[in-house]
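Descriptive analysis of the structure
Given next are the chains, with one letter for each unit.
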Amino acid sequence: MKRFYPLLVIIFLILYSGCGEITNDVDTIRLAHGMNTTHPVHKAMVVMAELVKEKSDGQLEVIVYPNQQLGTERQLLELVQIGSIDITKVSSAVLENFVPQMRVFSLPYLIRDNDHAIQILDGEIGLELLLAGEPYLLRGLTYYDSGQRSFYTKDRPIETPSDLQGMRVRVMESQMAVNMIETMGGAPTPISFGELYTALQQGVVDGAENNLPSFLSTRHYEVARYLSLDEHTMLPDVLLIGTHSWELLTEQQQIWVQEAADSSAIYQRKIWAEAELEALRIVEEDGVTVIYPDKTPFMESTLPIYEALRISNPQLYQLAQRIRETE
């Protein structure tokens, strides 16, 4: 009961305050997420809200609730599924626990670079994956750039996979992330993102992995003074609407929401690229040691993951192969 009590409280507060389903008489869409208001992804969602209002001449509005006001990413997905809120943004790593096909993005060194990522996300495969959540009451609207994830550590740098031996590395709630760290020789340690600063400070974990803007905005660089840009995964953020909420929108409202989401993604990519450069500049100026390791040993160390996937999950393996073969 304790496990579900916070979620029940959130649902009660949302329903009590009038947040709920869209109807033909209500022109408000409620969008909740976990980012702070300085984050590029939050700024993109604000732009989306502005565009929806503009396109609809004020007939349809999106209210944005940032900073985990209404729950964690997992809780928000559950609230979207039952229609208590309408839209949320989550990492594909969290979404893979709801939509199994999303696990593909957690495979290490699957996406080669930003150009490859755009080809995938804006193409046929990207659309397939956005719609793959419909059986689970989740319809993807668009992807936001969340950069490339790399390691950062407290006491010693990561220059080769062997440096991870014995290291406790914080990972998200993603089996793929756990497998990756284990294959490289580290000890994956799932910890809430909000508790990670203290966990690093107190030595509960020796390091973590994330993108550059998050490394800066969380101030993890204050305690983790080594940043190794091995760029092992590119996990997009996914903007989703509940199928219940989507079906209650009129056809014209659906067009407004989708067009606004697509435009906000283009804007987000631009400010994300700027945020990455700025974050790297700031942490280097603060004295963080930045390492640019040879990626080949890291890539080779993770090949067993693909071989195991080929046997255990042929469908997901084939999807990964389609992504790898996309030029």
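A quick note: this is a predicted structure, and the numbers were derived from the prediction, not measured.

Structural notes on the nonpolar core
In this structure, Leu95, Val104, Phe105 and Leu107 are the most contacted members of the largest nonpolar core, which totals 56 residues. It is helix α7 (residues 175–184) that provides the largest number of residues to this core, a total of six residues. When sequence neighbours within four positions are dropped, the list of residues in contact with Leu107 reads Met176, His232, Thr233, Ile305, Tyr306, Leu309 and Ala320. Among the nonpolar cores identified, the runner-up in size contains 24 residues, and Val47, Val52, Tyr144 and Leu239 belong to it.

Here we look at empty space enclosed by the protein
By the definition in use, this model includes one cavity of 30 Å³ or more. Of the pockets and cavities examined, the largest cavity occupies roughly 50 Å³. If you go around the largest cavity, the residues you meet are Ser106, Arg149, Ala177, Met180, Glu209, His232, Thr233 and Leu235. Contributions of two or more residues to the lining of the largest cavity are made by α7 and β9 (226–234). Here the lining of the largest cavity is built from residues that sort into three nonpolar, three polar and two charged.

Quick word on the pairing of strand β6 (residues 168–171)
Across four bridges, β6 lies against strand β7 (residues 187–190) in parallel orientation. Within the sheet, the bridge partner assigned to Val171 lies in β7 and is Pro190. In this region the chain leaves β6, passes through α7 and returns to the parallel neighbour β7; the handedness of that crossover is right-handed.

Examining the packing of aromatic side chains
All told, the structure shown has three aromatic pairs when counted by the stated rule. Relative to Phe215, the ring of Tyr152 has its centre 4.5 Å away and its plane inclined at 35 degrees; by these criteria the two rings are tilted. With Tyr152 in strand β5 (residues 148–153) and Phe215 in helix α9 (residues 212–217), this residue pair connects regions lying 63 residues apart in the sequence. Since its relative accessible area comes to 1%, Tyr152 is described here as buried. Note on Phe215 and Tyr221: the rings are 6.3 Å apart at their centroids and 70 degrees apart in plane angle, and the pair reads as edge-to-face.

Points about the sheet that holds strand β1 (residues 28–32)
Taken together, the five strands give an open sheet; going across it, the order is β2-β1-β3-β10-β4, and neighbouring strands pair in mixed fashion. On the outer flanks of this sheet lie β2 (61–65) and β4 (138–144), each paired with one strand and no other. Taken over all neighbouring pairs, the strand axes of this sheet differ in orientation by 25 degrees on average, direction set aside. The sheet contact formed by strand β3 (residues 87–91) and strand β10 (residues 237–242) spans five bridges and is antiparallel.

Here we look at the side chain of Ser150
Inspection of the secondary structure puts Ser150 in strand β5. The exposure class assigned to Ser150 is buried, which follows from its relative accessible area of 1%. A distance of 3.4 Å separates the side chain of Ser150 from the backbone nitrogen of Asp230, its partner in a polar contact. Not counting the four nearest positions on each side in its chain, Ser150 is found in contact with Ala208, Glu209, Asn210, Ser228, Leu229, Asp230, Glu231 and His232.

Some remarks on the environment of Ser214
Inspection of the secondary structure puts Ser214 in helix α9. For the pair formed by Ser214 and Gly147, sequence separation is 67 residues and the distance between their alpha carbons is 9.8 Å.

Observations regarding the pattern of salt bridges
Side-chain pairing between opposite charges can occur once the charged atoms of the two side chains come close. Enumeration over the complete set of coordinates arrives at 18 salt bridges. Across the pair Arg322 and Glu124 runs a salt bridge, and its minimum N-O distance is 3.8 Å. Linking Arg322 in helix α14 (residues 314–325) with Glu124 in helix α6 (residues 124–131), this pair joins segments that are 198 residues apart in sequence. Measuring nitrogen to oxygen at the nearest pair gives 3.0 Å for the salt bridge that ties Glu285 to Arg281. One end of the pair is Glu285 and the other is Arg281, both in helix α11 (residues 251–285) and four residues apart, which spans about a single turn. Accessibility expressed as a relative area gives 59% for Glu285, which makes it exposed.

With respect to the layout of surface pockets
If a probe as big as a water molecule is rolled over the atoms, it shows which places are left empty. Of the pockets and cavities examined, the largest pocket occupies roughly 830 Å³. Every residue lining the largest pocket is counted, 33 residues in all, and those nearest its centre are Gln68, Glu73, Arg170, Phe193 and Gly194. Of all the elements in the fold, those that place two or more residues in the lining of the largest pocket are α3 (73–81), β3, β6 and α9. Across the lining of the largest pocket, the residue classes break down as ten nonpolar, 16 polar and seven charged.

Points about helix α2 (residues 40–55)
In this model α2 runs 22 Å from its N-terminal to its C-terminal C-alpha over 16 residues, within 8% of the 22 Å that 1.5 Å per residue would give. Looking at the buried side of α2, the elements it contacts are β1, β2, β3, β4, β10 and α11. Just downstream of α2 lies Asp57, where phi reads positive at about 55 degrees.

Conventions used here
Residues numbered from 1 in each chain as written. Predicted model: local features only at pLDDT ≥ 70, side-chain atom pairs only at ≥ 80, totals over all residues. Heavy atoms only, no water. Core = buried A, V, L, I, M, F, W, Y, C linked by side-chain atoms within 4.5 Å. Buried < 20%, exposed > 50% of the residue type's maximum accessible area, 1.4 Å probe, protein only. Helix = DSSP H or I, 4+ residues; strand = E, 2+ residues; numbered from the N terminus. Contact = heavy atoms within 4.5 Å. 1 Å grid on protein atoms, 1.4 Å probe; cavity = no way out; pocket = protein on both sides within 12 Å on 5 of 7 lines; lining within 4 Å. Points joined across faces, edges and corners; volume = space filled by probe spheres on them. Nonpolar A, V, L, I, M, F, W, Y, C, P; charged D, E, K, R; others polar. Pairing = 2+ DSSP bridges. Right-handed = clockwise from strand over helix to strand, strands pointing away. Phe/Tyr/Trp six-rings, centres within 6.5 Å; stacked < 30°, edge-to-face > 60°. Axes fitted to C-alpha atoms, helices over the stretch in contact; angles between N-to-C directions. Polar contact = N/O pair within 3.5 Å; in protein donor to acceptor, adjacent residues only side chain to side chain. Salt bridge = Lys/Arg side-chain N within 4 Å of Asp/Glu carboxyl O. Expected span 1.5 Å × (residues − 1).

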